Structure formats: structure tokens, C-alpha cells
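# Observations on the model geometry
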Amino acid sequence: MNGTYGATNSNILVKSDVQDSIDQEIDLSIPFKRRRWWRISQKLLYGLGHMYNDLCAAMWFSYMMLFFQAVLEMRAVVAGAMLLLGQVVDALATPVVGVLADKYSTKKIWHLMGCILVSLTFPLLFIRCWNCWPKENLEYLNWWMPLYYAVLITFFQIGWAIVQISHLAIIPSITDNLEIRSELTSIRYMASVISSLAVYFITWIVLRATNYSTFIRPSDDYKFRDVSLIITGIGILSFTTFHILFKLKPHKIPKENGYVGESEEIQPLNFSTKSKIIYFLQMPLLYQTSCLYVFSRLYWALSLVYVPLFLEERLSVNPAEGSELVASVPLVLYLSSLLFSFLLKSNINKIGNQVAYFIGSFLSLISCIWIALAINPEANVAQIYLVATFIGAGSSITLVSSLCVTADLIGPHSHQGALIYSIVTFADKLVTGIAVIAIENYKCDDALSCPQYYRGVLTYACGGSAVLGILSLSITILSSKENKSKPQT
């Protein structure tokens, strides 16, 4: 993928026309200083900026459904509706945030507002609401419990969307170097993996240190409360450090008069905001890139949601394995993800984003086939850990490579970075929510009637996501070849 995606011919001409004057007006040591500035510490600080969101996402996708169903004793379809609500709110908030963040104030101000909103709502999602013991007030809770958590989820997801889009949009606004953009994307994902590892490690410690139980039950509510409060403390510390130490330095690009200006002040496309949105919506590459991102995120999200439920399903057959299995297996999954994201960080530019995405999708598909053929209730626990390794590897590779493709799509349009990221991420949130509610809707009420339901979900839903990702990649490659073969006008 090259850096000209999304660029119009006029943009390329403007850039080339003023290049000679820039070389004369600007000391060539400036780019060198910028790169040296990046090498010191700012890359790591950038990764720290999304850590709180990543901590919340790991807890949200991995344990929200488990908490609602096993602790609060919500019906599966209601718990699924809660997750769908969160994804829909996130999806609707994303494009709004993208437009507003590009138009008003700075990315860091938006980021800070989102972090504050997340801090006020996230801990309450894993604390039992007042008088919410289902066996005592069943009729009352039929409307009160869903309403209470629905309000919290709405505000939490709005805050989460603000942080995600503003943090992603920082990448193209501070550098026009595609190699640095890819490296920042990899560091961002590595920070995400480390955050998720922290969640599973904290959960494992809490489950082991508190009263032991063979499976999760309503009396374990305080364990989820303790984990959410610890995560909140870490998250507040991380985003506070980010805002104090990270210095947002927009990269310099030429203005038409030959002087140098900051990227956030440049408007290469001389259209209105509405025209710019229409311009990007008319690009086929935008939808192809969105599909790559959607299916990589869908595989990742469904794995996070249903691996703990699959393990809880397994514990009903093998209770001796202990409830901490719901933390140790995701922990291995993310250790694998961290390892492969680290390997990918230094090699993605060598092998290319498309090849990397194909490798990740292939590993993801292998894990699903393995679950279908070998992971029955009597299977050895070691096999589960091996499958978790493949899931982590496949998800990390596809996510990083799809985000790198998006950064390439933005190209020189850094001032529209938030908008493009919001368009690309919009569908994934909506699709994930719809997928979860559909899966929960078809789940039988009696667990004995479908004892391996979530094993089937990991096989067919996650496997289908990997297959669709490969198909989307094939279409993208074919479209790119057709565009290259067309004569230039």
C-alpha cells in the first residue's frame, strides 16, 4: 500500500509544484529533528493515550456478557441486547465525533473529554445496581435493571467513541511518514494487548485470591466490582500521564504561498465539509478498507465475548478445572497477541499489509477449525491454550494490518483523519452488536438442550468472519490490479 490513497490529482500537483520552493525555504534538518524527537519517548506516550479505552474494551467484551448472565442472571437475549445497545450507540457516535473533532478544538481536548466520561460510567457497569437481586424482585427488575445499565452503557460508549476516534486521528495529524504511521499503529495495538493482559491478569489474581468457586455465580459480584475499580485506577493514571507528557506536534506541510504550516490548518480539498464527506464516500477503496477492518474486528470481538462463555460452558462438565480458567485462557490469548504484534511491528513494511492480513486470517481460520474438530468437553486443557495462541496471533495480525491500510487510505488528508477513521469503524461496531444479539437470540433457554452452543459460535461465527476477511482482501487486490491496468487520463 502506498501513501497516495485518497489523494486527488490536484493534491498531487499542488504538492509537487511547491516542493522546490520548500527545499529552498526550509532547512533540511527539520525532518531529521522530527524523527529524532519521535525516537525519544513520544511513541510510547502515544500508545499510553488509548490504554484506558483498551482496558475497558477488554473488560467489556470478555466479561460483560458473563457478568450480566451469570452474576446478574439476565436472560441471554437481554444481555445480548445490552451489548447491541452499546455497539449501536458507539457506531452512531463515531461519525458525529469524527466530524466535530476535525472541525472544533484539538484532538487532545476531545480525548480528555472522552476519558472523563468513561471514568464516570465504566466502574458502575460492573457493580450490582441498587436492590438488584433477581430472586427477590423479579418483576421489578424486568424493567429497572435493563434501564439502569442501558443508561450507563449509552454514556460510556459515547465517551469510548470520543477517545478512540480522537486518538486514532492523532496519527495522521503528527506525521506524514507512512513508516512512522505503521509503527505508531503497531505500538497502539501493542498497548492494547498489554492493557488486555493486565485485565486478565488482574481478574485471575482476584478470582484466585478471593473465595474459590468452580464456576461464576451471583455471589461473585464483588469480584467483578474489585476488578473494575482497579482497572479504573490504572486507566486514570495512564491518560493523565498521556495528557501531561505527550506533546502533540502537527507535522509541517506546504501552503500554496510557499510557507510552511501545520497540517491541521491545511485544507487541501477546496470543498465544503459536506463535499469532503461525499468525496470519501464515493471512493470504492474506502468500503474495501472498511470490510477488512470490520471482519478483523468482528473476529476479535466475538472471540473476546464467547471464549469466557465457552469456558464457563465447559466448566459445567469439568468443574474441577476451576473458574480462574475464564481468566487464564484469555491471558494466554493476549500473550500470543502481544508476541505477534511485536514481531509484526518490525516486519509489516517488509511483507506488506495485504500479505500480513492474509496470514492473520489464515491463522484465525485454523483456530476455528481446530475448535470444531478437536475441542470437545473432554479435550485436554493444553489444547485450549494452544487454540488461544492461534486466536491471539490471527487477531493481532489482521487488526494491525487493517489499521495500517486505513492510515494509507488517509494519505495526505490528515485534516480529515477523524472523519475517515469514524467511517471505517462505524460498520464494525454495528455489525458486532447485531451478530451478538442474533447469537444470543438463537441460544436455547435450557442449557442441557445445547450443551456446546458457544463452541459452535467460536467455530462458525468466528470462522465465518475469517473467511469473509479473506474474500474482502481478494476483492481489494483484484480491484487494485484493475485500477493499475487502466490507462491514465
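Reading the values: rules and limits
Residues numbered from 1 in each chain as written. Predicted model: local features only at pLDDT ≥ 70, side-chain atom pairs only at ≥ 80, totals over all residues. Heavy atoms only, no water. Helix = DSSP H or I, 4+ residues; strand = E, 2+ residues; numbered from the N terminus. Buried < 20%, exposed > 50% of the residue type's maximum accessible area, 1.4 Å probe, protein only. Contact = heavy atoms within 4.5 Å. Areas by Shrake-Rupley, 256 points an atom, 1.4 Å probe, with all protein chains shown as cover. Salt bridge = Lys/Arg side-chain N within 4 Å of Asp/Glu carboxyl O. Core = buried A, V, L, I, M, F, W, Y, C linked by side-chain atoms within 4.5 Å. Axes fitted to C-alpha atoms, helices over the stretch in contact; angles between N-to-C directions. Parallel < 35°, antiparallel > 145°, perpendicular 65-115°, else oblique. Nonpolar A, V, L, I, M, F, W, Y, C, P; charged D, E, K, R; others polar. pLDDT = per-residue confidence, 0-100. Phe/Tyr/Trp six-rings, centres within 6.5 Å; stacked < 30°, edge-to-face > 60°. Lys NZ or Arg CZ within 6 Å of the ring centre and 35° of its normal.

The next point concerns the overall build of the protein chain. The number of helices and strands found in the protein chain is 16 helices and 2 strands. When burial is assessed residue by residue, the protein chain has 56% of its 489 residues classed as buried. The long-range fraction of contacts in the protein chain, counting pairs at least 24 apart against all pairs at least 6 apart in sequence, stands at 83%. Surface accessibility of the protein chain: about 20700 Å² in total, with carbon and sulfur atoms responsible for 66%.

Counted by the stated rule, this structure contains 3 salt bridges. D220 serves as the salt-bridge partner of K223, at 3.0 Å between the closest nitrogen and oxygen. Summarising the burial analysis for this pair, K223 and D220 share the class buried.

A separate point is the nonpolar core. In terms of nonpolar packing, the biggest core is built from 96 residues, with Y63, F68, F122, Y149 and Y306 touching the most fellow members. Leave out the neighbours within four places in its chain, and F68 touches E73, M74, A79, M82, L125, Y149 and I153. Grouped together as the second largest cluster of nonpolar side chains are 8 residues, L45, Y46, I170 and F242 included.

Attention now goes to the packing of helix α4 (residues 51-71) against helix α9 (residues 221-245). Where α4 contacts α9, the two axes come as close as 10 Å, and the packing angle between them is 170°. When the axes of α4 and α9 are compared, the pair comes out roughly antiparallel. Of the residues in α9, those in contact with M51, Y52, L55, M59, Y63, L66, F67 and V71 of α4 are D221, F224, V227, S228, I231, T232, I234, G235, I236, S238 and F239. For the contact of α4 with α9, a count of residues per class yields 14 nonpolar, 4 polar and 1 charged.

Positionally, A427 belongs in helix α15 (residues 417-441). Taking the C-alpha atoms as reference points, A427 and Y293, 134 residues apart in sequence, are found 9.1 Å from one another.

This prediction gives the protein chain a mean pLDDT of 75; 71% of its residues lie at or above 70. Note on residues 1-40: pLDDT is under 50 here. Beyond four places in sequence and across chains, it has 49 contacts. Within the model, pLDDT remains below 50 along residues 253-271, and this stretch shows 43 contacts once partners closer than five positions in the same chain are excluded.

All right, on to the packing of aromatic side chains then. Applying the stated criterion across every chain yields a total of 18 aromatic pairs. Aromatic side chains W144 and Y148 sit 5.6 Å apart centroid to centroid with 45° between the ring planes, which places their arrangement in the tilted category. With W144 and Y148 both in helix α7 (residues 138-174) and 4 residues apart, the pair spans about one turn of that helix. Residue classification places Y148 among the partly exposed positions, given a relative accessible area of 23%. Consider the rings of W370 and F390, whose centres lie 5.7 Å apart with planes at 70°: the pair is edge-to-face. Separated by 20 residues along the polypeptide, W370 in helix α13 (residues 353-374) and F390 in helix α14 (residues 381-410) bring together distant segments of the chain. Lying across the ring of F242, K108 places its NZ or CZ 5.8 Å from the centre.

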